[in-house]
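Close look at the chain arrangement
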Amino acid sequence: MRKILVSFLGILFFFCTSFAQAPKKNSSSEIYHAIQKLNFLGSALYIAAHPDDENTRLISYLSNEVKARTAYLSLTRGDGGQNLIGPELRELLGVLRTQELLAARRIDGGEQFFTRAVDFGYSKHPEETLKIWNKDTVLGDVVRMIRSFKPDVIINRFDHRTPGSTHGHHTSSAILSVAAFDLAGDPTSYPEQLGELNVWHPKRLFFNTSWWFYGSEEKFAAADKSNMLSFDIGIYYPMLGLSNNEIASLASSQHRCQGFGRLMSRGSENEYIELLKGDLPQDKKDVFDGIDTTWSRVEGGEAVGILLYGIEKNFNFKDPSTHVKELVQAHQMIQDITDTHWKTIKTKELEAIIASITGLYLEASSENPMANPGSSVTIDIEVLNRSNAKIKLKSMAIGDLISKDKDIVLANNVKHDLKFDLRVPDNISYTNPYWLNKKGTLGMYTVENPKLIGNPETPPAFMAHFNLDFDGYPITITKPVIHRYSKPDKGELYQPFEIMPEATARFEDKVIIFADGTPKNIPVTIKAHRDSIKGEVVFCYAQGWNVEQKSKPFSIAKKGDEQIVFFELTPPSHEDENYISPIIKINGKEIAKELVTIAYDHIPTQSVLLPSEAKVVRLDIQKAGEHIGYIVGAGDEVPTSLEQIGYQVHLIDPNSINAETLNNYGAIVVGIRAYNVVPELRFKQKYLLDYVANGGNLVIQYNTAGRWDAQYKDIAPYPLTLSRDRVTDENSRVDIIAKNHELVNYPNKITEADFKGWVQERGLYFPNEWDAHFTPILSMNDEGETAKTGGLLIAPYGKGNYIYTGLSFFRELPAGVPGAYKLFANMLSVGKENLKKKTPIKG
């Protein structure tokens, strides 16, 4: 099975490459599959809101069965979600999920695009979403993508007719798609795009419906389907050795940070799409019925088709290189086609096929993974023809560096190694996700270059152009400059060649809490990205804060090494929130960036340059207790945040939980979604509740409703029902409904002011039913909704206290929200005040 899977992945990788992927080594079956796609001139665009919203079954079907050029337009990069596999949140999570989408497309055969919209978190209605997103701008991005991609058919994942019934981002994606379907062909709409782009009129718009949107399979079975098309997306591909739904399962399983890894599905499955605009196809199993998808579609294409259809019909699987002469002839003929859209697409596809059938290996690899502006780097060139085709390397170009005419004859299986010394321009931009280069807003990224809008990634720093001669006919094949290396435990590896500053600086803690006026030594870590750097680091801070020495020198001998410089920072005497930042000065240059590396096995390693800064918060905060036990769930930064206010946090291995180990802690906190992702807890709940009964405080953070293991029914000592209730407006009013309860009075007095400055949301997955032993502490709601009182519940149990909270402390504490710290300290301190009366108030 592994051998078949590797072969299959090669087929799908044929055109869906990433800038950091290893070069493709395509078999005859893979080349044949590419020729089939070469001979289909039709496009489909799938539109939804987030990574993992896409229907990989349908994308794979359109790409691999229909052979259409297929793409997914995700309006956001998924920045507002959670992360099950690591610490990345917000913009860093968006970078990770972008790469997971690209990994999925490399499997299902689609392409990937985005708008500039930010996933700002859950939204209950499209009116809120479109206000925060800037409706006109995001609509313009959707129009731009339609005009650029030129789809014949558009398929929406969500229904535009049911606002308020699902995530506001979901409905908004459909609303914008429906509007853009017409506006893309209107020259008076977004005229600034024209010139670079042309108007485009898609033929059909569909909604990818299913029984889920009808409420039940029975209701969908009885629904009128006269306006629908259906496809068997479980079709089996003998040449691939896999069925379409198996491919789809592999693709969707790339969304690992969202917990989408799943078993493969097999067998016949029907997929439905409902016509929204355009003409209904007569053949209700062919979305392109009535649309010319042959070479006759373009003027001058019929002759090209005759040639290429003949190759497809008589393909030589034993020796595909026998077709090189005909394919080169087709390449020449395509250059005379006046339709620049299809000429560009098919030229690129054909060049990849020509390189594959000749076994042509072309690589430009930097000896180092990164370089600095103004530096020089050696580029190793490898050129190899593994066929009897008559090919010459005439010349090469990398950036502005053009080689002398080489005129090297590429004989069969004779490798040629060349070297270039590339000088990196002084004014070259650093390598970074382009949408993070400028500060955006809550709902929108700022992208100044319109040609980048929609692209999944930043273009490579340098491209290598191999100017070849195929028996007298010139073809230029372009490859990104990469870095190829090896590791003893992993073998040959590839990563992008990147341009980095000479040094970067970072604070280890992104939020630094001062619980009183005591100064703290703040470490600044400087990392060298070239040898022998010297300079100074300047510590920038706000009025009211003080530093004993504003700048300090540093010197680092070796690239990759780090040096830590300490600055003593004294907070003001009053409560305050502000920011600090380090600026590196080297030879007159100022650098204010930190380098964040995102590395997982299922995606290429990502380097992200962010503004180097940390939030500093002066709090008047009190706490009781010292030692806190923490059971990690889906991953969050709460333990680090608690250490900031003086707690000693001990991470607890779930397997080690027993009566003795728990008694060492003054309170125990269970991380977010722990009962969803930590199977060991099903056997340990008894010990946790016994800990409470013996006098401990147990704080359970939110878990996802509907994903419970049956053995978790006793998560609380008394009946407690989780729901999907949430409050998404981070500025919504919060009322303290148990004003006399210890939880809002000791050791910190909690008031409505402590709920100012919260980020993204108030909380999620609140309980909506609970036993009378529980006391609800807070009441809150989004505009137009009923009050939600399940966000913070406490119940006495034995000698201790059980607390369940859906409040988003996992977002608020890392963001340095003062009131969130005070309330969390109170939860950990419950029962530790020497009061005569400790009876909880019944709400």
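Since the structure is predicted, the reported quantities are computational estimates derived from the model, not experimental observations. (Residues numbered from 1 in each chain as written. Predicted model: local features only at pLDDT ≥ 70, side-chain atom pairs only at ≥ 80, totals over all residues. Heavy atoms only, no water.)

Regarding the overall build of the protein chain
Looking only at helices and strands, the protein chain has 19 helices and 44 strands in total. Its C-alpha atoms give the protein chain a radius of gyration of 30 Å, within 12% of the compact-globule value 28 Å for 843 residues. C-alpha extents for the protein chain along the principal axes are approximately 95 × 75 × 55 Å. Within the protein chain, the fraction of its 843 residues that count as buried is 57%. A sequence separation of at least 24 residues applies to 73% of the contacts in the protein chain between residues at least 6 apart. With the model as given, the accessible surface of the protein chain reaches about 35200 Å², and the carbon-plus-sulfur share is 49%. Side chains of the protein chain carry 93 positive and 104 negative charges; the gap between the two charge centres is 2 Å. (Helix = DSSP H or I, 4+ residues; strand = E, 2+ residues; numbered from the N terminus. Rg over C-alpha atoms; globule rule 2.2 N^0.38 Å. Buried < 20%, exposed > 50% of the residue type's maximum accessible area, 1.4 Å probe, protein only. Contact = heavy atoms within 4.5 Å. Areas by Shrake-Rupley, 256 points an atom, 1.4 Å probe, with all protein chains shown as cover. Lys, Arg positive; Asp, Glu negative; His and termini not counted. Charge placed at Lys NZ, Arg CZ, Asp CG, Glu CD.)

Examining the confidence of the model for the protein chain
Averaged over all residues, the pLDDT of the protein chain equals 92, while 95% of them reach at least 70. Here residues 1-9 is a poorly scored stretch, pLDDT under 50, and it has 14 contacts once near neighbours within four places are set aside; other chains count. Counting contacts from residues 835-843, a segment whose pLDDT is below 50, to residues more than four positions away or on other chains yields 13 contacts. (pLDDT = per-residue confidence, 0-100.)

Overview of the nonpolar core
Counting residues in each nonpolar core, the largest one holds 57 residues, and the members touching the most others are I381, I398 and L468. Take this core: its biggest share by element is seven residues, from helix α13 (residues 340-357). Beyond its immediate chain neighbours, meaning those up to four positions away, L468 contacts L360, L362, I391, K392, L393, K394, L410, Y473, P474, I475 and I477. (Core = buried A, V, L, I, M, F, W, Y, C linked by side-chain atoms within 4.5 Å.)

What to know about the sheet that holds strand β44 (residues 800-805)
Strand-to-strand pairing in sheets goes through backbone hydrogen bonds, with the strands running parallel or antiparallel. Spatially, β35-β34-β36-β37-β44-β43-β41 is the arrangement adopted by the seven strands of the open sheet, whose pairing is mixed. What marks the edges here is a single partner per strand, and that holds for β35 (648-651) and β41 (775-776). Pairing analysis gives two bridges linking β41 to strand β43 (residues 792-797), with the strands arranged antiparallel. Across the sheet, residue T775 finds its bridge partner in β43, namely I794. Helix α17 (residues 685-693) rests against β34 (627-631), β36 (667-670), β37 (697-700), β43 and β44 of the sheet, and its axis sits at about 125° to β44. Where helix α19 (residues 818-829) meets the sheet, it contacts β34, β36, β37, β43 and β44, and its direction lies at approximately 140° from that of β37. (Pairing = 2+ DSSP bridges. Axes fitted to C-alpha atoms, helices over the stretch in contact; angles between N-to-C directions.)

Side note on α19
Look at α19: 17 Å from first C-alpha to last across twelve residues, which is about the 16 Å you get at 1.5 Å a residue. Most of α19 is tucked away, with twelve of its twelve residues classed as buried. What α19 keeps buried is the set P818, G819, A820, Y821, K822, L823, F824, A825, N826, M827, L828 and S829. (Expected span 1.5 Å × (residues − 1).)

Some points on the sheet that holds strand β26 (residues 546-547)
Spatially, four strands are ordered β22-β24-β28-β26 in an open sheet, and the strand pairing comes out antiparallel. Each edge of the sheet is formed by a strand with only one pairing partner; in this case those strands are β22 (503-507) and β26.

Regarding the side chain of T70
Position of T70 among the secondary structure elements: in strand β2 (residues 69-74). Within the local environment of T70, its side chain forms a polar contact with the backbone oxygen of A68, the two atoms lying 3.1 Å apart. Other than its neighbours up to four places away in sequence, T70 contacts A44, I59, L62, S63, G110, E111 and F149. (Polar contact = N/O pair within 3.5 Å; in protein donor to acceptor, adjacent residues only side chain to side chain.)

What about the pattern of salt bridges?
This model, assessed by the stated rule, comprises 42 salt bridges. Via salt bridges that share partners, K124, D782, E785 and K788 belong to a single interconnected network. (Salt bridge = Lys/Arg side-chain N within 4 Å of Asp/Glu carboxyl O.)

What about the environment of Q760?
One can find Q760 in the loop between β39 (734-736) and β40 (763-770). For Q760, a relative accessible area of 15% puts it in the buried group. The spacing of Q760 and Y122 is 638 residues in sequence and 8.3 Å in space, taken between C-alpha atoms. Apart from the residues lying within four places of it in its own chain, the contact partners of Q760 are G80, F120, G121, T728, E730 and R811. Side-chain polar atoms of Q760 contact the backbone oxygen of G80, separated by 3.0 Å. In this structure the side chain of Q760 is engaged in a polar contact, spanning 3.5 Å, whose partner is the side chain of R811.

Topic: the packing of helix α4 (residues 90-108) against helix α10 (residues 244-252)
Packing of α4 against α10 brings their axes to within 8 Å, and their N-to-C directions diverge by 165°. Considering the angle they form, α4 stands roughly antiparallel to α10. Pair α4 / α10 crosses with right-handed handedness. Packed against α4, whose contacting residues are A104, I107 and D108, the element α10 presents I247, L250 and A251 at the interface. A class-by-class count of the residues in the contact of α4 with α10 yields five nonpolar, no polar and one charged. (Parallel < 35°, antiparallel > 145°, perpendicular 65-115°, else oblique. Left-handed = near helix turned anticlockwise from the far one by under 90°. Nonpolar A, V, L, I, M, F, W, Y, C, P; charged D, E, K, R; others polar.)

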